[in-house]
Amino acid sequence: LSSTFSDELAIQTAGRAKIFGVSVKDRGAVSMAGHAGKAFWFSKSAAEFVSSSFYYEKYPEWVEKWNEQQYPAKRYGGKTWDLLLDQSTYLFGDRDDQEWELDFPLFGRVFPHAYGPSDGKGFSTFLTFSPAGDELTLDFAKALIENEALGADKVTDYLSVSFSSTDYIGHLFGPSSLESEDHLLRLDRTLAALLKYVEEKVGLDNTLIVLSADHGGPEAPPDMQQYGFESSYVDPESWETETGFAALKKRFGIGKELIQHFNPPYVYLNRGLIAEKGLSQGEIEAAVAAELIKFDGIALAVSSTALTGGDLPDTPLLRSVLNNHSPRRSGDVYVVFSPNCFIREFDGAAVAVTHGSPWRYDTFVPVIFAGAGLEPGKVYREIHTVDVAPTLSAAVGAKPPSGTRGHVLVEVLDGL
């Protein structure tokens, strides 16, 4: 919900604040820039940073020049992602070839990972699958700070930089992999380079820094199994072939496919068929949910009709599900997988891990405030990422964002 802060900052400064979001992912940039800011992200098809007509009719001249050079991406042509340190020094140094890691064609699942020629198949995608994606994001962010003169006057500016290669690498190889470990070592240096640049251009005493994430992530099930945990991949394709579903379809006189597809976390039903049969959408959803919850690997299945109508008990788990639900956009049955169980699919590929559950490993993330003269300290109580936006608003004197239900972290304000 940082976009709610960016919008409030624009209102509070009468539009004078410079607000930008930068990421290797479109959603990582757009969600942070909000309505009033400007967003840039890395286009895999163009191998350059782009925006949209929502933000610009014509790019600033410096952006066009930066992209025309093509140097930032092309410099990786013919190179490889190699280990930063000696392999024997890594915690996961002996785990470079784990069978559950994605063996992406031409990129592979063991070091070194080849980017291939700059005009080769998959080149720009491979960059995002590696620390190169974060390095490109850093380069663009530095150019933006310089050319947009962020922090150069007394009006508070806001820059969000999302280093999103962490997510891709986690999906492909899992958190307990040599790739993830090496990437975090490199990300540490990338963050240091960004902060050094900000110190040179603006001064860290004049900058309030927030470090956080949008989600955590699970371990790969085969990795968990070796430690004795119950963990597995779940196959949605098999759900409708189970005996219980055959009985359900016979009960309602449905002879065709009932489940159209599963787009986590929602099952999408054949609404046209349900309407054609004159059946109750809510009744079918409830019946499907009742069958799904019987399957191994599923902890909860909830009818969207029941969610929309509020016909559910108030429990922490169901509250998390309800927070994710939109009557206009959501599917028909919300599925919560059991702890350490999930599908093995991301953007059409069979990856090592996926995220999105309400369990602690998916929701526990860092929230760090620094700079601006803050003294070191720790908070030993539960806080939430939605607390960041109201805290930032309070720090700059803006009104609380209307789109957040977080609370101001008074420890941060007391230190400013």
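Preceding this section is the structure that the text describes.
Notes on the structure in this doc start here. A quick note: this is a predicted structure, and the numbers were derived from the prediction, not measured. (Residues numbered from 1 in each chain as written. Predicted model: local features only at pLDDT ≥ 70, side-chain atom pairs only at ≥ 80, totals over all residues. Heavy atoms only, no water.)

**A short note on the overall build of the protein chain**
Now for step 1: Tallying secondary structure elements over the protein chain gives 17 helices and 14 strands in all.
Now for step 2: Relative to its length of 416 residues, the protein chain is compact, with a C-alpha radius of gyration of 24 Å against a globular reference of 22 Å.
Now for step 3: Once the C-alpha set of the protein chain is aligned to its principal axes, its extents read approximately 70 × 50 × 45 Å.
Now for step 4: A burial count over the protein chain gives 46% of its 416 residues as buried.
Now for step 5: Restricting to contacts in the protein chain with at least 6 residues of sequence separation, those with at least 24 account for 65%.
Now for step 6: Seen as two clouds, the 36 positive and the 57 negative side-chain charges of the protein chain have centres 5 Å apart. (Helix = DSSP H or I, 4+ residues; strand = E, 2+ residues; numbered from the N terminus. Rg over C-alpha atoms; globule rule 2.2 N^0.38 Å. Buried < 20%, exposed > 50% of the residue type's maximum accessible area, 1.4 Å probe, protein only. Contact = heavy atoms within 4.5 Å. Lys, Arg positive; Asp, Glu negative; His and termini not counted. Charge placed at Lys NZ, Arg CZ, Asp CG, Glu CD.)

**What about the nonpolar core?**
Now for step 1: Among the nonpolar cores identified, the biggest contains 49 residues, and Phe40, Phe42, Phe49, Tyr115, Leu127, Phe140 and Leu144 are the most heavily contacted of them.
Now for step 2: Per-element accounting of this core gives the leading share, seven residues, to helix 6 (residues 131-147).
Now for step 3: Filtering out sequence-adjacent residues up to four positions away, Phe49 remains in contact with Val22, Ser23, Phe40, Trp41, Phe42, Tyr59, Trp66, Asn67, Leu136, Thr137 and Phe140.
Now for step 4: With 31 residues, the next largest nonpolar core counts Ile254, Leu258, Phe337 and Cys341 among its residues. (Core = buried A, V, L, I, M, F, W, Y, C linked by side-chain atoms within 4.5 Å.)

**Side note on the sheet that holds strand 10 (residues 266-269)**
Now for step 1: Taken in spatial order, the four strands make up an open sheet running 9-10-12-11, and their pairing is antiparallel. In the strand order of this sheet, the two ends are held by strand 9 (259-263) and strand 11 (298-303), each with one partner. Strand-to-strand twist of the sheet, defined as the mean angle between neighbouring strand axes without regard to direction, takes the value 25 degrees.
Now for step 2: Contacts from helix 14 (residues 316-323) reach strand 11 and strand 12 (333-337) within the one sheet, and its direction differs from that of strand 11 by about 55 degrees. (Pairing = 2+ DSSP bridges. Axes fitted to C-alpha atoms, helices over the stretch in contact; angles between N-to-C directions.)

**Some thoughts on the pattern of salt bridges**
Now for step 1: Enumeration over the complete set of coordinates arrives at 15 salt bridges.
Now for step 2: A salt bridge links Asp97 to Arg109; the shortest N-O distance between them is 2.6 Å. Placement of Asp97 in the loop between strand 4 (80-81) and strand 5 (113-114) and of Arg109 in the loop between strand 4 and strand 5 is noted, with a sequence separation of 12 residues between them. (Salt bridge = Lys/Arg side-chain N within 4 Å of Asp/Glu carboxyl O.)

**Notes on the packing of aromatic side chains**
Now for step 1: Under the definition given, this model contains 24 aromatic pairs.
Now for step 2: For the pair Phe107 and Phe126, a centre-to-centre distance of 5.0 Å together with 25 degrees between the ring planes defines the contact as stacked. Placement of Phe107 in the loop between strand 4 and strand 5 and of Phe126 in helix 5 (residues 123-128) is noted, with a sequence separation of 19 residues between them. Side by side, Phe107 and Phe126 carry an identical accessibility label, which is buried.
Now for step 3: Put simply, the rings of Phe40, Phe42, Phe49, Tyr56, Tyr59, Trp62, Trp66 and Phe140 pair up and form one aromatic cluster.
Now for step 4: Directly above the ring of Tyr168 sits Lys25, whose terminal nitrogen or CZ lies 4.6 Å from the centroid.
Now for step 5: Positioned above the aromatic ring of Tyr56, the side-chain terminus of Lys38 is 4.9 Å from the ring centre. (Phe/Tyr/Trp six-rings, centres within 6.5 Å; stacked < 30°, edge-to-face > 60°. Lys NZ or Arg CZ within 6 Å of the ring centre and 35° of its normal.)

**Some thoughts on the side chain of Glu148**
Now for step 1: If you trace the backbone, Glu148 turns up in the loop between helix 6 and strand 6 (158-162).
Now for step 2: Buried charge without a partner: Glu148 forms no salt bridge, and the closest opposite charge is Lys18, 5.9 Å away.
Now for step 3: A distance of 2.9 Å separates polar atoms of two side chains, one belonging to Glu148 and the other to Trp62.
Now for step 4: Not counting residues within four places of it along the chain, the set of residues in contact with Glu148 comprises Lys18, Phe20, Pro60 and Trp62. (Polar contact = N/O pair within 3.5 Å; in protein donor to acceptor, adjacent residues only side chain to side chain.)

**A look at the sheet that holds strand 1 (residues 19-23)**
Now for step 1: An order of 3-2-1-6 is seen for the four strands of this open sheet, with the pairing classed as mixed. In this open sheet, the two strands that pair with only one neighbour each are strand 3 (48-50) and strand 6. Strand-to-strand, the axes of this sheet are offset by a mean angle of 20 degrees, without reference to chain direction.
Now for step 2: Sheet topology note: the strand 1/strand 2 (residues 38-43) ladder contains four bridges and is parallel. Looking across to strand 2, one finds that Ser23 is bridged to Trp41.

**Observations concerning helix 12 (residues 281-292)**
Now for step 1: Helix length check: helix 12 (12 residues) gives 16 Å between terminal C-alpha atoms against 16 Å at 1.5 Å per residue, within 8%.
Now for step 2: Ile284, Glu285, Ala287, Val288, Ala289, Glu291 and Leu292 are the residues of helix 12 that are buried.
Now for step 3: Looking at the buried positions of helix 12, the neighbouring elements they touch are helix 10 (243-252), strand 10, helix 11 (271-276), strand 11, helix 13 (304-309) and strand 12. (Expected span 1.5 Å × (residues − 1).)

**Focus on the packing of helix 6 against helix 8 (residues 178-201)**
How two helices sit against one another is set out by the angle between their axes and by the gap between those axes.
Now for step 1: Two elements in contact, helix 6 and helix 8, have axes separated by 10 Å at closest approach and are oriented at 5 degrees. Regarding the angle of helix 6 to helix 8, the classification is roughly parallel. Judged by residue contacts, Pro131, Asp134, Glu135, Leu138, Lys142, Ile145 and Glu146 of helix 6 engage His183, Arg186, Leu187, Thr190, Ala193, Leu194, Tyr197, Val198 and Lys201 from helix 8. (Parallel < 35°, antiparallel > 145°, perpendicular 65-115°, else oblique.)

**Quick notes on the pairing of strand 1**
Now for step 1: Judged by how many residues are buried, strand 1 sits mostly within the fold: five of five residues are covered.
Now for step 2: As defined by bridge partners, strand 1 adjoins strand 6 across five bridges and the pair is classed as parallel. Its bridge partner being in strand 6, Val22 is matched across the sheet by Val161.
Now for step 3: Between the parallel elements strand 1 and strand 2, the chain passes through helix 2 (residues 26-33) in a crossover that is right-handed. (Right-handed = clockwise from strand over helix to strand, strands pointing away.)

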